[in-house]
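Structural overview
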Amino acid sequence: MSDTLTLTGLVATQPTHLVTGDGLSITSFRLASNQRRYDRAQQKWVDGITNWYTVTTFRQLATNVIASVHKGQRIVVTGRLKVRDWSTDDKKGTSIELDAEALGHDLSWGTATFTRSAAAAVAEDDELAAGEAAAVEPHGEAGGDAGGEAGGEAGGEAGVAPEQETVATPF
């Protein structure tokens, strides 16, 4: 069983990227995450204990991370938690790893500009085309009503010309 966890923190090492012999893209880095609290007795903010994680990304996310994330940046990452015990001849320890499913900059600390990757654009276009093909029923009954009446009314109310198509993008 693996737990899904969302972390915020500081990228502590420059991300490293490799591509396996099978063509699998992998990027990993260390993440430092600590909590701050206000100490009323000292009347100042104090840092709590720092937790350290190894974050690993795969496939397109790995490619996007190596191009976008750098040491010292604040990020938010969601993924599957893995806790592993390890030992060498003279040391023992526990590593805490996060296999990332989603990752981005923490906008509480700064701003970002988003650029969709070419691979993501192709995948999204394929998904939209598949969704449009699945939405059309025989004889155009359901597709015609939804696109004609609802789309026309919504388009008219919003000031969209009838020949323009309005596409809702799920975020």
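This text follows the structure it describes.
Residues numbered from 1 in each chain as written. Predicted model: local features only at pLDDT ≥ 70, side-chain atom pairs only at ≥ 80, totals over all residues. Heavy atoms only, no water.

Counted under the stated rule, the structure contains one aromatic pair. Judged by centre distance (5.7 Å) and plane angle (70 degrees), the rings of Tyr38 and Trp45 are edge-to-face. Taking relative accessible area as the criterion, Tyr38 reaches 41% and is therefore assigned partly exposed. (Phe/Tyr/Trp six-rings, centres within 6.5 Å; stacked < 30°, edge-to-face > 60°. Buried < 20%, exposed > 50% of the residue type's maximum accessible area, 1.4 Å probe, protein only.)

Locating Thr63 in the fold gives a position in helix 1 (residues 59-68). Non-local contacts of Thr63, meaning those with residues more than four positions away in its chain, are made with His17 and Ser25. (Helix = DSSP H or I, 4+ residues; strand = E, 2+ residues; numbered from the N terminus. Contact = heavy atoms within 4.5 Å.)

In this section: the pairing of strand 5 (residues 74-87). Where strand 1 (residues 3-11) lies against strand 5, eight bridges are found, and the strand directions are antiparallel. Across the sheet, residue Leu5 finds its bridge partner in strand 5, namely Gly79. The hairpin turn running from strand 5 into strand 6 (residues 92-105), its antiparallel successor, is four residues long. (Pairing = 2+ DSSP bridges.)

Attention now moves to unusual backbone geometry. Not every positive phi belongs to a glycine, and Gln43 is a case in point at roughly 55 degrees. Examined against the element boundaries, Gln43 turns out to sit in the loop between strand 3 (25-39) and strand 4 (44-58). Gln43 sits in the exposed class, given a relative accessible area of 63%. Its identity is not glycine, yet Arg59 carries a phi of approximately 55 degrees, on the positive side. Relative to the assigned elements, Arg59 resides in helix 1. Judged by relative accessible area, which is 58%, Arg59 ranks as exposed.

Looking at where Asp3 falls in the secondary structure, it is placed in strand 1. Sequence-wise, Asp3 and Leu81 are 78 residues apart; in three dimensions their C-alpha atoms are separated by 5.4 Å. Leave out the neighbours within four places in its chain, and Asp3 touches Gly79, Arg80 and Leu81.

Here the focus is helix 1. Looking at helix 1, one finds that the buried residues are Leu61, Ala62 and Val65. Along the axis of helix 1, the buried positions cluster into a sector of 100 degrees, meaning they face one direction only. Exposed residues pointing more than 90 degrees away from the buried face of helix 1 are listed as Arg59 and Ala67. Of the surrounding secondary structure, the elements contacted by the buried residues of helix 1 are strand 2 (16-19), strand 3, strand 4 and strand 6. (Arc of directions from axis to C-beta.)

What follows concerns the environment of Thr4. On the secondary structure map, Thr4 appears in strand 1. On a C-alpha basis, the gap between Thr4 and Asp99 in space is 9.3 Å, while along the polypeptide they are 95 residues apart. Once residues within four sequence positions are removed from consideration, Thr4 is found in contact with Thr78 and Gly79.

Quick look at the nonpolar core now. Within the largest apolar cluster, 13 residues are counted, with the highest numbers of intra-cluster contacts made by Leu7, Phe29, Leu31, Val55, Ile75 and Val77. If sequence neighbours within four positions are ignored, Leu31 has contacts with Leu7, Gly9, Leu10, Val11, Ala12, Asn51, Trp52, Tyr53, Val55, Ile75 and Val77. (Core = buried A, V, L, I, M, F, W, Y, C linked by side-chain atoms within 4.5 Å.)

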